[in-house]
Amino acid sequence: GSGDADMADDVRGPLRRLLATRDLGPGDMPGGKLKVATADDDAARAAPTPAPPRRFARQVNKIADEKDWAAGAELEGWLEGFDALGASYARTEVHRQQWEWAQGLYALRQLGMLREDATALGVGTGAEPMMYLLANQLASVTAVDKYRSPFLNSQYPRMLKDPSEYAKIEYDHDRLRVLHMDATELAFDDESFDIVWGFSTIENIGGHGAAGAAMREMARVVRPGGTLVVSTQLILNGVAHYSSALSLFRRDFFLPDELEEHVVVPALEAGMSLLEEVDLSISDESLADVLNIDNYQSCVNAKPHVVMHQQGSVWTSVVLVFTKPAAPAGAADATDEAAAVAG
């Protein structure tokens, strides 16, 4: 009915506004540079607009940019995130993967989520350092991935038995548990964790439909007042990047509209709110350093490693932080009273 249409418009609004911040069009890459669409190329494209208001001194919800390493308020505090994660090399080795971790850690710190009584869930964690760092700061951390799958079992054969073998930092072993689990079917009760995160997870789990299912599951297990941090790959030039359904390791990146439909909207419908609008602007420096990875082995150690070009598609990382509104004061007491009366 019309009510359903109105709701759909409401949840799509936050992302639809951000899509006008920067729109890059399909094009060749002469000299290794991405051709940026202008109004003359296509009058229908939105002109660049100022970055949206940010929640903290540094923008959290945004795409990766080389300038993040060189400028902005609280730069040293942001860079210190690399040190805490055992990745001090990333202070100077500009790479979008470590950028995702630093953005997520900065957001959690600014939101006051790194508390001794808090619990966290990492989804699709592999052996990334965030689980080890948070095990030193929170009451408990649970890390899940398909560790028994052929791909991950070959990389981390002892993760389920002894995750310390893959730790780059010292951590509290008693506060970390590692489980084999599917991101689309999290075996936890509703509202079980204060923090849920998934770095470059949802594009690797079987297509956009699976990504949406994972977003709903991650949002479901976040407690009121909690935080969900997600990163994935956003296509900048309008050329889709999909894997064959028969691929052993699928990687399905997102066009802006697909990011809306399969990532943002499922989280919003599950009760989350975007921390802030997303800044899709990107510097000329990043666009001048597009890295062609069609022959990945030849450039695996190349830096900067921020904007990628593969099979015609140009993409980079995007971080999205969501919060779940806290329960109204007294709501829990009222629920307990109602349950007592019913009993």
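About the thresholds
- Residues numbered from 1 in each chain as written.
- Predicted model: local features only at pLDDT ≥ 70, side-chain atom pairs only at ≥ 80, totals over all residues.
- Heavy atoms only, no water.
- Core = buried A, V, L, I, M, F, W, Y, C linked by side-chain atoms within 4.5 Å.
- Buried < 20%, exposed > 50% of the residue type's maximum accessible area, 1.4 Å probe, protein only.
- Helix = DSSP H or I, 4+ residues; strand = E, 2+ residues; numbered from the N terminus.
- Pairing = 2+ DSSP bridges.
- Right-handed = clockwise from strand over helix to strand, strands pointing away.
- Salt bridge = Lys/Arg side-chain N within 4 Å of Asp/Glu carboxyl O.
- Contact = heavy atoms within 4.5 Å.
- Axes fitted to C-alpha atoms, helices over the stretch in contact; angles between N-to-C directions.
- Parallel < 35°, antiparallel > 145°, perpendicular 65-115°, else oblique.
- Left-handed = near helix turned anticlockwise from the far one by under 90°.

Draft legend 1. Geometry of the nonpolar core. Membership of the largest hydrophobic core comes to 88 residues, with the highest contact counts inside it found for Trp 197, Met 218 and Phe 322. The element contributing the most residues to this core is helix α3 (residues 96–110), with 7 residues. Judged by nonpolar contacts, the second largest core, of 8 residues, contains Ile 235, Ile 293, Met 308 and Trp 315.

Draft legend 2. Up close: the pairing of strand β2 (residues 119–123). The buried fraction of β2 is high, at 5 of 5 residues. Of the two faces of β2, the one holding Thr 119, Leu 121 and Val 123 and the one holding Ala 120 and Gly 122 are both buried throughout. Here β2 runs beside strand β3 (residues 140–145); their pairing, made up of 5 bridges, is parallel. Opposite Val 123, over in β3, you have Val 144 as the bridge partner. Between the parallel pair β2 and β3, the chain is carried across by helix α4 (residues 130–135), and the sense of this crossover is right-handed.

Draft legend 3. Quick look at the pattern of salt bridges. Taken as a whole and judged by the stated rule, the model has 12 salt bridges. The residue Lys 62 makes a salt bridge to Asp 68 at a minimum N-O spacing of 2.9 Å. Classification of Lys 62 as buried rests on a relative accessible area of 7%. With a relative accessible area of 10%, Asp 68 lands in the buried category. A network of salt bridges, in which partner residues are shared, links Arg 115, Asp 117, Asp 194 and Arg 223.

Draft legend 4. Inspection of the environment of Ser 140 at higher detail. Within the secondary structure, Ser 140 is located in strand β3. Distance in space between the C-alpha atoms of Ser 140 and Thr 119 is 5.0 Å, their sequence separation being 21 residues. Here Ser 140 is in contact with Ala 118, Thr 119, Ala 120 and Arg 175, once residues within four sequence places are set aside.

Draft legend 5. How the structure looks around the packing of helix α2 (residues 75–84) against α3. α3 packs onto α2 with a crossing angle of 110° between their chain directions and a minimal axis gap of 9 Å. Taken as axis vectors, α2 and α3 run roughly perpendicular relative to one another. Here the hand of the crossing between α2 and α3 comes out right-handed. Only Gln 98, Trp 99, Ala 102, Gln 103, Leu 105, Tyr 106 and Arg 109 of α3 make contact with α2, whose side of the interface consists of Gly 77, Trp 78, Gly 81, Phe 82 and Ala 84.

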